[in-house]
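These are the residues of each chain, in order.
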Amino acid sequence: MARELSIDLDLGRRREFRRFVVVSALLHVALVAIFAFSPSFAVTSAPMGAISVNLVGAPAPARRAPAPPAKPKAAPVPTPAPAQQRPKPPVPEKRVLPKQTTTPKPTPRARREEIAPEDVVRPETPQQEYSDVLDNLRSELGEEETPAQPEQVAAVAPAGGGGTGRPVSPEVADWMRRARIHVRRSWVVPPGFRQQSLATVIDVELDGGGNLLGEPEIVKRSGNPWYDDGVLRSIRKASPLPAPPEAGVWNFVFVSDESY
Amino acid sequence: MRTHPNRTLIPLLLALAAPAAAQERPAVVVDPGRKQAYDVAVQRFAEPSGSPRPSGAEKFREDLGKALEYSNIFQLVNPRAFLGPEATDSLEKPIVCSDWTQIGADALVQGELSRDPQLLTAEFRVWDPARCASLLHKSYRQPASADPAQLARRIADDVVEAFLGVRGVSATEIAFVSKRRGNAEIFVMAADGSHQRAATANGSINNFPSWSADGEAIVYTSYRQANRPLLFLSTRGRGRPGRLLPRLPTERAEYRGVFSPGGDRIALVLSDDGAAEIYTSRPDGSELRRLTRHRAIDVSPTWSPDGSQVAFVSDRSGAPQVYVMSASGGEPKRLTFQGNYNTTPAWSPDGQWIAYESRVGGQFDLWLIDPDGSTNVPIVAHPRNDEGPSWAPNGRMLAFSSKRFGRSEICVVDVGGDNVRRLTQNAGENTAPAWGPFPR
């Protein structure tokens, strides 16, 4: 009896399935017709620029959302609002910090699957960041960095690549960008420093080939002597830098991430 | 969240700082790249020829390397890549810095190790090859019976301090509660999870370990006597183990004891068959001072690092929340308002943060709040419960118990929420970690 019932049910399902196929085919034909005659569908692909923005977020993996946990939470988590809750970190001025004050300021970030929209990385200058990524990749492959085209280089020092907004020549702007990429490759910044508000300003004398001449001079200390040591270590490791537009003293500012 | 250099502060910095020579040119602003760990080359420590006992220099290098990597700020350079000598020749000879910069070493550790019938001696030097500068030159002399692995950890913590300005914690210990033998006993392990051993074996229920300021004793709660919770001391052998407060009557329940940072007082949770209240006293039980007077339950005291304040948990608002009050008494101030279940506060060694567990979305996660309550941020969130935070003495890591592996296990995490590492993997629950002080 059970078996017969089963067969009856199968026959009924087959009839339903045939009806479903016919209706589905008609719907598909109708949809294709609509698409074919509608001009709006020709321009709905995502602009490439948007995809580029997501890609250039890649250089900062530590700031992105961690891999989703195996089991997502049932309820959304009330994440803190960083802009409201995080006090503006002051620039330390003390030359030597007591050891007790070197605990890193944790970043108000939710390390959850549910990431608040404001936590999504959105580089302000995607083209600049993207070219940095390309330069890094080329360098790792042993290729020459792309020579800057004068018309492509900003006439003002790019903010992300260093600079104060003063007008500089395209040649200088391009060198600053390459120098920044080169030096940061040598700069080790442990996690504890990244969560503090630190900035060290140094003057570096370079010869025409980018070689460091003499000792770099700290003109503004961060307040954390170990951070300052790391800056000096990195600039020494980075020598020779890319050949500067002209020999002489150049100014570098080393800022810890999330500080500014 | 990644942020970009602030365009208002940096020009100001430059205007103030840049000398005349450089003022004509804009500054190159360098923000951190991906490198978060220094490459460290560790030479095999030299052993004196004709040493009566082998000092195990190769094993010592292995232990030192592990302890350096535990810090998360060093990664080892393979000795086979060395251009310079693989073993230390002499600590007095200058090194050829280019040998080490060419292989990318940010640090070089070299040393000498010797062991005679009386002493285990290690002398070492830390170099910064890029600047060709010696950062540290130090020696340790310990009894011959000392554990060389522990000596290697202490050296690693010194190397960390030379680069970070903050001492490493690989030589510290963590006490915790484990049910691996059936009942809840107090255990102790090295901060990397090695060398786990029992501190109690009384067959009763033991809980809430807390270290004395000098790391020589652990106070814990046990039902081993009179079938009531009483406080006991476990010592390293110098002090006398036994009841912490022998003068107090056993009729009074002693739920918890926490030594003050200075070691001169102890915060207590006591109850006379009523609600639990917070007290303080001298470690011998004298000068007993009651801090809270409320019919609600007040538990889980934690001291501010200067010993002037105590944070604790109270359900006086109707749900467990964290409160702060003066250690000399006064009106408590409620600190947490998020959610309806916030417990186990732990004050950071630098006083800037109070870590606690908060029930969010049905499970417990670790959060940080500053003592004035203005900033409240999650450390790490996971679909399984993370509970019972305890600070490393350098304030850069926390130990906690987590159910993310099924049963509760002790884990450590960087204060920024990175590098969760599991320390225990035994049968039975492992809970209530208490990170000990720096070794003396």
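Just so it is clear, the structure is predicted and the values come from calculations on it, not from any experiment.

A.B. asks: Looking at this structure, how should I read the overall build of chain B?
C.D. replies: Across its full length, chain B carries five helices and 30 strands. By the compact-globule yardstick of 22 Å for 440 residues, chain B fits well, its C-alpha radius of gyration being 25 Å. Taken over the C-alpha atoms alone, chain B extends approximately 70 × 65 × 40 Å along its principal axes. The proportion of buried residues among the 440 residues of chain B is 56%. Contacts in chain B between residues far apart in sequence, at least 24 positions, make up 41% of those at least 6 positions apart. Distance between charge centroids for chain B: 3 Å, based on 51 positive and 49 negative side chains.

A.B. asks: Explain a nonpolar patch on the surface here, please?
C.D. replies: Residue and element names in this part refer to chain B. Nonpolar side chains collect at one region of the surface, where Ile205, Tyr223 and Tyr255 lie side by side and expose about 270 Å² of accessible area between them. Mapped onto the elements, Tyr255 comes out in strand S14 (residues 253-259). Owing to a relative accessible area of 33%, Tyr255 belongs among the partly exposed residues under this scheme.

A.B. asks: What's the story with the layout of surface pockets in this structure? I'm lost.
C.D. replies: If you roll a probe as big as a water molecule over the atoms, it shows you where there is empty space left. Residue and element names in this part refer to chain B. Quantified by volume, the second largest pocket comes out at close to 730 Å³. Gln150, Glu173, Glu216, Arg236 and Pro439 are the residues nearest the centre of the second largest pocket, which is lined by 25 residues in total. Secondary structure elements with two or more residues in the lining of the second largest pocket: strand S6 (133-143) and helix H5 (148-164). With three residues, H5 is the largest single contributor of residues to the lining of the second largest pocket. Of the residues that constitute the lining of the second largest pocket, the class distribution is eight nonpolar, seven polar and 10 charged.

A.B. asks: What is the right way to read the packing of helix H5 (residues 170-186) of chain A against helix H7 (residues 225-238) of chain A from this model?
C.D. replies: Relative orientation and spacing of two packed helices are given, respectively, by the angle between their axes and the distance between those axes. Residue and element names in this part refer to chain A. In the contact formed by H5 and H7, the axes pass within 8 Å of each other and the chain directions differ by 115 degrees. With respect to each other, H5 and H7 are oriented roughly perpendicular. Note that H5 runs across H7; the crossing there is right-handed. Taken together, the residues of H7 that come into contact with H5 (itself represented by His182, Val183 and Ser186) are Ser234, Ile235, Lys237 and Ala238. Here the contact of H5 with H7 is built from residues that sort into three nonpolar, three polar and one charged.

A.B. asks: Quick question: what am I supposed to make of empty space enclosed by the protein here?
C.D. replies: Tallying each qualifying case throughout the model produces five cavities of 30 Å³ or more. For the largest cavity, the calculated volume is near 240 Å³. What lines the largest cavity is a set of 24 residues, and nearest its centre among them are Ser71(B), Ile73(B), Arg396(B), Met397(B) and Asp414(B). Listed by contribution, the elements that provide at least two residues to the lining of the largest cavity are helix H6 (191-194) of chain A together with helix H3 (57-70) and H5 of chain B. A total of three residues in the lining of the largest cavity trace back to one element, the largest contributor, which is H5(B). Taken together, the residues of the lining of the largest cavity break down into 11 nonpolar, eight polar and five charged.

A.B. asks: Please explain the pairing of strand S11 (residues 217-222) of chain B as it appears in this structure.
C.D. replies: The side chains of a regular strand alternate, residue by residue, between the two faces of the sheet. Residues and elements named next belong to chain B. The element S11 is largely enclosed, with a buried count of six among its six residues. Residues Ala217, Val219 and Thr221 line one face of S11 and the alternating positions Ile218, Tyr220 and Ser222 line the opposite face, and both faces are buried. The pairing of strand S10 (residues 206-211) with S11 spans four bridges and is classified as antiparallel. Pairing of Ser210 across the sheet is with Val219, part of S11. Linking two consecutive strands that pair antiparallel, namely S10 and S11, is a turn of five residues; a positive phi of about 75 degrees is found at Gly215 within it.

A.B. asks: Help me understand the sheet that holds strand S5 (residues 119-128) of chain B, please; the structure alone is not making it clear to me.
C.D. replies: Hydrogen bonds along the backbone pair up the strands of a sheet, which may run parallel or antiparallel. All names here are of chain B. Ordered by their spatial adjacency, five strands build an open sheet running S3-S2-S4-S5-S6, and the pairing between neighbours is mixed. Across the chains shown, the open sheet's two edge strands, defined by having one partner strand only, are strand S3 (74-76) and S6. Taken over all neighbouring pairs, the strand axes of this sheet differ in orientation by 25 degrees on average, direction set aside. Bridging between strand S2 (residues 38-42) and strand S4 (residues 107-115) involves three bridges; their strand directions are parallel. Among the inter-strand pairings, Val40 is bridged to a residue of S4, identified as Ala107. Sheet strands in contact with H3 are S2, S3, S4 and S5, and its direction is about 145 degrees off that of S3.

A.B. asks: Just checking my understanding: could you explain H7(A) for this structure?
C.D. replies: All names here are of chain A. Taking 1.5 Å per residue as the helical rise, H7 with its 14 residues ought to reach 20 Å, and the 20 Å between its terminal C-alpha atoms agrees with that figure. Among the 14 residues in H7, 10 count as buried, and that is most of the element. Along H7, the residues that are buried comprise Trp226, Tyr227, Asp228, Gly230, Val231, Leu232, Arg233, Ser234, Ile235 and Ala238. The residue sitting at the N-terminus of H7 and contributing the capping side-chain oxygen is Asn224; that oxygen lies 2.9 Å from the backbone nitrogen of Trp226.

Conventions adopted
Residues numbered from 1 in each chain as written. Chains lettered and ligands numbered in written order. Predicted model: local features only at pLDDT ≥ 70, side-chain atom pairs only at ≥ 80, totals over all residues. Heavy atoms only, no water. Helix = DSSP H or I, 4+ residues; strand = E, 2+ residues; numbered from the N terminus. Rg over C-alpha atoms; globule rule 2.2 N^0.38 Å. Buried < 20%, exposed > 50% of the residue type's maximum accessible area, 1.4 Å probe, protein only. Contact = heavy atoms within 4.5 Å. Lys, Arg positive; Asp, Glu negative; His and termini not counted. Charge placed at Lys NZ, Arg CZ, Asp CG, Glu CD. Patch = residues over 30% accessible without salt bridge, like charges linked within 9 Å, V, L, I, M, F, W, Y side chains within 5 Å. Areas by Shrake-Rupley, 256 points an atom, 1.4 Å probe, with all protein chains shown as cover. Salt bridge = Lys/Arg side-chain N within 4 Å of Asp/Glu carboxyl O. 1 Å grid on protein atoms, 1.4 Å probe; cavity = no way out; pocket = protein on both sides within 12 Å on 5 of 7 lines; lining within 4 Å. Points joined across faces, edges and corners; volume = space filled by probe spheres on them. Nonpolar A, V, L, I, M, F, W, Y, C, P; charged D, E, K, R; others polar. Axes fitted to C-alpha atoms, helices over the stretch in contact; angles between N-to-C directions. Parallel < 35°, antiparallel > 145°, perpendicular 65-115°, else oblique. Left-handed = near helix turned anticlockwise from the far one by under 90°. Pairing = 2+ DSSP bridges. Expected span 1.5 Å × (residues − 1). Polar contact = N/O pair within 3.5 Å; in protein donor to acceptor, adjacent residues only side chain to side chain.

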